[in-house]
Amino acid sequence: MSQERWIITIDGPAGVGKSTVARMLAQRLDAVFLDTGATYRAVTLAALQKGIDLLDPQAVGRLMDNTDLQFSHANGIMAVIVDGIDVTAAIRDPAVTEQVRHIASAPPLRARLVQLQRAFAARFDRVVTEGRDQGTVVFPDARFKFFLKADAAERARRRYDELKAAGKEVDLQVLLEQIKRRDESDVNRSVGPLRPAAGAVTIDTTDIDAAAVVDKMLALIKTASLKRAPNTPFPLRGTGPCQGESNK
Ligand code: DC
């Protein structure tokens, strides 16, 4: 396997399909998938389980000091282990989804989770990461940066279909309200707010499925690679996980 190291970032709002796209892109490029939302979810779950006040960053910080958070990569998914227990599924619980914004909007907690995300990425040669601030804050020197967007109504409809398929009864209108609330919290927080990174390519996914988004990304990556170094196959020669030029 090539020893070249690179990171591709995918940012965007809730329900836009980042995880699916990032997982598929990572698979196509033989890279590791980093789901950064899972890091915020893991802390939220631990706090809920231990009865810690999510609005008290100091208390949550102490909880983090005393909690073993492990993130590992296996068969294309990111497994989350909290104090030795596999919580990969539990962190998707609606109660966690509802509360996670408190952790995401606390600057000192974000700083710690950003370190954790960088430490995870440093363990691998090729990483496709997804979140809200990956291209702007966490990996500003990533090789390629993407920003996904889609109409809120379409994102709510996708969540509705997913939950329905999982046998859950949900109200489309309630989902839409939740999506709008999360957008507001993601866009307006003081640290790591949701916005396209400089040099990021924005793709509107409202009318295209995940496979089409991935094809588009691969085509853009290939074109950019060819433009920059004719006859050099992707990935381009780089000097480290965070050293490549951004996609201008
Ligand atoms: O993508 P997700 O639904 O798993 O994200 C969970 C929460 O974490 C969501 O409220 C946004 C926040 N988040 C963030 O602030 N920064 C990231 N890089 C990833 C997620």
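Here, the structure is the one placed above.
As the structure is a computational prediction, the values presented were derived from the model and not from experiment. (Residues numbered from 1 in each chain as written. Predicted model: local features only at pLDDT ≥ 70, side-chain atom pairs only at ≥ 80, totals over all residues. Heavy atoms only, no water.)

Chemist: I'd like to hear about the packing of helix 3 (residues 57–65) against helix 5 (residues 107–122), residue by residue, with values.
Modeler: Two measures define how a pair of helices packs: the angle their axes make with one another and the distance between the axes. Between helix 3 and helix 5, the shortest axis-to-axis distance is 9 Å and the interhelical angle comes to 25°. As summarised for this structure, helix 3 and helix 5 are arranged roughly parallel, according to the angle between their axes. Where helix 3 abuts helix 5, its residues Pro-57, Val-60, Gly-61, Met-64 and Asp-65 lie against Pro-108, Leu-109, Arg-112 and Leu-113. (Axes fitted to C-alpha atoms, helices over the stretch in contact; angles between N-to-C directions. Helix = DSSP H or I, 4+ residues; strand = E, 2+ residues; numbered from the N terminus. Parallel < 35°, antiparallel > 145°, perpendicular 65-115°, else oblique. Contact = heavy atoms within 4.5 Å.)

Chemist: Please provide a residue-by-residue account of the packing of aromatic side chains, values included.
Modeler: In total, this model carries 1 aromatic pair according to the counting rule given. Between Phe-120 and Phe-124 the ring centres are 5.2 Å apart and the planes differ by 50°, which places this aromatic pair in the tilted class. Judged on exposure class, the residue Phe-120 and its partner Phe-124 are both buried. (Phe/Tyr/Trp six-rings, centres within 6.5 Å; stacked < 30°, edge-to-face > 60°. Buried < 20%, exposed > 50% of the residue type's maximum accessible area, 1.4 Å probe, protein only.)

Chemist: Summarise the site of the ligand; cite the residues concerned and give the values.
Modeler: Surveying the vicinity of the ligand reveals 15 residues, the closest of which are Arg-41, Arg-110, Asp-133, Arg-182 and Arg-189. Within the contact set of the ligand, an oxygen atom lies 2.9 Å away from a side-chain nitrogen or oxygen of Arg-189. If the ligand stood free it would expose 450 Å²; the protein chains cover 96% of that surface. The set of elements that each furnish at least two residues to the shell around the ligand consists of helix 2 (37–49), helix 4 (94–104) and helix 8 (172–188). Here the shell around the ligand gets 3 residues from one element, more than from any other, and that element is helix 2. Per-class residue counts for the shell around the ligand are 3 nonpolar, 4 polar and 8 charged. (Near = heavy atom within 4 Å. Polar contact = N/O pair within 3.5 Å; in protein donor to acceptor, adjacent residues only side chain to side chain. Areas by Shrake-Rupley, 256 points an atom, 1.4 Å probe, with all protein chains shown as cover. Nonpolar A, V, L, I, M, F, W, Y, C, P; charged D, E, K, R; others polar.)

Chemist: Just give me the short version of the sheet that holds strand 8 (residues 201–204), but keep the residues and values in it.
Modeler: In spatial order, the strands read 2-6-1-7-8; together these 5 strands make up an open sheet with parallel pairing. Sheet topology places strand 2 (32–35) and strand 8 at the edges, where each strand pairs with a single neighbour. Averaged over all pairs of adjacent strands, the angle between strand axes in this sheet comes to 20°, irrespective of strand direction. Note that strand 1 (residues 6–11) and strand 7 (residues 144–149) share 4 bridges and pair parallel. Within strand 7, the position partnered with Ile-8 by the bridge is Phe-144. Set on the sheet, helix 1 (residues 18–28) makes contact with strand 1, strand 2, strand 6 (126–131) and strand 7; between it and strand 6 the angle comes to about 175°. Sitting on the sheet, helix 5 is in contact with strand 1, strand 2 and strand 6, with an inclination near 175° to strand 2. (Pairing = 2+ DSSP bridges.)

Chemist: Describe in detail the environment of Asn-66, supporting the description with residues and values.
Modeler: Positionally, Asn-66 belongs in the loop between helix 3 and strand 3 (69–74). Judged by relative accessible area, which is 61%, Asn-66 ranks as exposed. For Asn-66 and Leu-54, which are 12 residues apart along the polypeptide, the C-alpha to C-alpha distance reads 16 Å.

These values are about where atoms sit, not about what they do.
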